[in-house]
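The chain contents come next:
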Amino acid sequence: MSTTTMTTSVRRRAGQRLRRLSPAQRCAAAALMLLGLFAVIGAWVWPDPAAQDLTRFLEPPSLAEPLGRDHLGRSVAGRLASATRLSLVMAVACVATAITAGTLVGILAAWRGGIVDTVLHGMSEAFVALPALLIVLIVSAMSGGELWALYAGLALAQWVEYFRVVRARSALLLSGPAVEAAQLLRLGAVHVLRRHLWPDLGPLLTTMATFGIGTSVLALSTLGFVGVGVAPPTPELGLMVTEAFPFYDEAPWMSLAPALVLVTVLVGLLGLRSKESTS
């Protein structure tokens, strides 16, 4: 198949999926796309979100600075774009890691059974017994709040959800007549995964991943809000809200802007998954 044919096929499938979206889902997708565009373009418009100019203390919004300047003379719009970019990239990376690990380990446990399933199930129970934020706090405290530690902690806190769902669903599918027939015909593990497991697990994991991204963004912001997440001066949504609180009367937009970004991300992701969760 030529490159042109493949590109046309991809565009056709994308158009078909877009037409199947409800008006609410299209609005949610548009809001998330605009937010992502703002985060990407912000890197060129405001290349240094930590740059200070104390002579511009709490400068009100203007054409050059749509959200004004904060108490240290830093561009609020620049910091907001950087914080949004950080939250989205971290959330996607954490969910991608968690979903990959949880899916592979879940299928392994269901496929092999026996001692392998017992050990992996016991590990998952240990993680379930600990609150997710506590796991992130422990990992973050052990490494001084570095970004890689927050990433590792969030991924560790989420993998168990995918493992438990994939393990239960895969065990049911692997014991079905279709998989038994495929094994009798010696069609191989790749065939079973591609033709029997993935068509059933794919939509379910997509829905869970959508929710997981929102959970990761909210968890990262919660840690920043209480002062144990990303360390200053790195911009982060929760940290920006905390820093802006003392100046709410003089500059309410400073705390409302990151809160609005959080609401947009969560509502947008929930809007996208509404059809999937009910199908």
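As shown above, the structure is provided for reference.
Treat the numbers as computed from the prediction; the structure is a model and nothing was measured.

### Observations concerning the environment of Phe-247
By the secondary structure assignment, Phe-247 is in the loop between helix H9 (237-244) and helix H10 (253-278). On the basis of relative accessible area, Phe-247 is assigned to the buried category, the value being 18%. As for Phe-247 and Leu-58, which are separated by 189 residues in sequence, their C-alpha atoms are 8.6 Å apart. The contacts of Phe-247, once residues within four sequence positions are left out, are Phe-57, Leu-58, His-71 and Pro-252.

### Thoughts on empty space enclosed by the protein
The full count for this structure, using the stated rule, is one cavity of 30 Å³ or more. Looking at the largest cavity, the residues that line it are Asp-70, His-71, Arg-74, Ser-75, Val-76, Arg-79, Met-240, Glu-243, Ala-244 and Met-254. The leading source of residues in the lining of the largest cavity is H9, at three residues. Split into classes, the residues belonging to the lining of the largest cavity amount to four nonpolar, two polar and four charged.

### Some details on the packing of aromatic side chains
In this description, an aromatic ring pair is defined by two values, namely the gap between the centres and the angle between the planes. For the coordinates displayed, the defined rule picks out four aromatic pairs. Summarising the aromatic geometry, the rings of Phe-57 and Phe-247 are spaced 6.3 Å apart at their centres and angled 80° between planes, so their arrangement reads as edge-to-face. Within this pair, whereas Phe-57 is found in the loop between helix H2 (23-45) and helix H3 (76-112), its partner Phe-247 is found in the loop between H9 and H10, the two being separated by 190 residues in sequence. Centre to centre, the rings of Phe-127 and Trp-159 are 5.5 Å apart; their planes meet at 80°, and the pair counts as edge-to-face. Taken together, the residues span a long stretch of sequence, with Phe-127 in helix H4 (residues 114-129) and Trp-159 in helix H6 (residues 147-174) at a distance of 32 residues. Feature note: the residues Phe-127, Trp-159 and Phe-163 constitute an aromatic cluster, connected by ring pairs.

Each value, and the rule that gives it
- Residues numbered from 1 in each chain as written.
- Predicted model: local features only at pLDDT ≥ 70, side-chain atom pairs only at ≥ 80, totals over all residues.
- Heavy atoms only, no water.
- Helix = DSSP H or I, 4+ residues; strand = E, 2+ residues; numbered from the N terminus.
- Buried < 20%, exposed > 50% of the residue type's maximum accessible area, 1.4 Å probe, protein only.
- Contact = heavy atoms within 4.5 Å.
- 1 Å grid on protein atoms, 1.4 Å probe; cavity = no way out; pocket = protein on both sides within 12 Å on 5 of 7 lines; lining within 4 Å.
- Points joined across faces, edges and corners; volume = space filled by probe spheres on them.
- Nonpolar A, V, L, I, M, F, W, Y, C, P; charged D, E, K, R; others polar.
- Phe/Tyr/Trp six-rings, centres within 6.5 Å; stacked < 30°, edge-to-face > 60°.

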